[in-house]
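A structural walkthrough
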Amino acid sequence: LAVEKREGVPPIDLKWLEDDSRTSQEVFKRIKGIYGFGDFAAHNVCQLLGHFDSFPYDSETVRHFKEHHRVTKRLKMNDLAKLAAKHYSRYAPYQFLAYWYELWKGYE
């Protein structure tokens, strides 16, 4: 992020991103505005900045829900995101940490 420099593009304000008063949604939106950052990457950056309610769903989340939460039907990523959001909502604002703990606990 710190080296993102392109002609005509203002530099990334890292202090703005690291400001604790910023919401996850604000940070996510700002990161998504950086060339090359999609949803998954933006969610990962958010959680690295301490926004643990930002959740990067991917194929590992699908595997985890099939193996540990008995999800048997084929889900689209949007449906999985809703299911995971509901499941981890009780851990707010630490949803991603709860998911990560479950993942690590399940690995041999």
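It should be emphasised that the depicted structure is a prediction, and the values quoted were computed from it without experimental measurement. (Residues numbered from 1 in each chain as written. Predicted model: local features only at pLDDT ≥ 70, side-chain atom pairs only at ≥ 80, totals over all residues. Heavy atoms only, no water.)

Looking at the overall build of the protein chain
Rules: Here a helix means four or more residues in a row that DSSP labels H or I, a strand means two or more in a row labelled E, and each is numbered from the N terminus. Using a 1.4 Å probe on the protein chains alone, a residue whose accessible area is under 20% of its type maximum counts as buried, one over 50% counts as exposed, and one in between counts as partly exposed. Residue contacts are counted whenever heavy atoms from the two residues lie within 4.5 Å of one another.
Within the protein chain, the regular secondary structure consists of six helices and zero strands. Reading the secondary structure of the protein chain in the N-to-C direction produces α-α-α-α-α-α. By its C-alpha atoms, the protein chain is 50 × 25 × 25 Å across when sized along the principal axes. Burial status across the protein chain gives 29% buried among its 108 residues. Restricting the contact set of the protein chain to residue pairs at least 6 apart, pairs at least 24 apart contribute 40%.

Description of the confidence of the model for the protein chain
Just so we agree on the cut-off: Per-residue confidence from the predictor is reported as pLDDT, a score between 0 and 100.
Confidence in the prediction of the protein chain, expressed as mean pLDDT, is 86, and 91% of residues score 70 or more. Mean pLDDT values over the elements of the protein chain span from 87, in helix α4 (residues 59-68), up to 94, in helix α2 (residues 24-32).

Topic: the side chain of Gln-47
With respect to the helices, strands and loops of the structure, Gln-47 is situated in helix α3 (residues 39-48). Excluding residues that lie within four positions of it along the chain, Gln-47 makes contacts with Phe-52, Ser-54 and Phe-96.

Side note on α4
Every α-helix winds through 3.6 residues per turn, so residues three or four apart in the chain are directed the same way. The test is simple: What the arc measures is the spread of directions leading from the helix axis to the C-beta atoms. Side-chain atoms alone can form a polar contact between residues adjacent in sequence; in general such a contact is a pair of N or O atoms within 3.5 Å, and within protein one must be able to donate a hydrogen while the other accepts it.
Every buried residue belonging to α4 is among Thr-61, His-64 and Phe-65, and all of these are buried. Each buried residue of α4 lies within a common arc of 95 degrees when the element is viewed along its axis, so the set occupies one face. In this structure, α4 carries Ser-59 and Glu-67 as exposed residues pointing more than 90 degrees from its buried face. Where the residues of α4 are buried, they touch α5 (77-88) and α6 (95-106). Sitting at the head of α4, Asp-58 places a side-chain oxygen 3.1 Å from the backbone nitrogen of Glu-60.

Examining the side chain of Ser-24
With respect to the secondary-structure elements, Ser-24 resides in helix α2. The class of Ser-24 is buried, set by a relative accessible area of 9%. Within the structure, the side chain of Ser-24 is placed 3.1 Å from the side chain of His-51, a separation counted as a polar contact. At a separation of 2.5 Å, a polar atom in the side chain of Ser-24 contacts the side chain of Asp-53.

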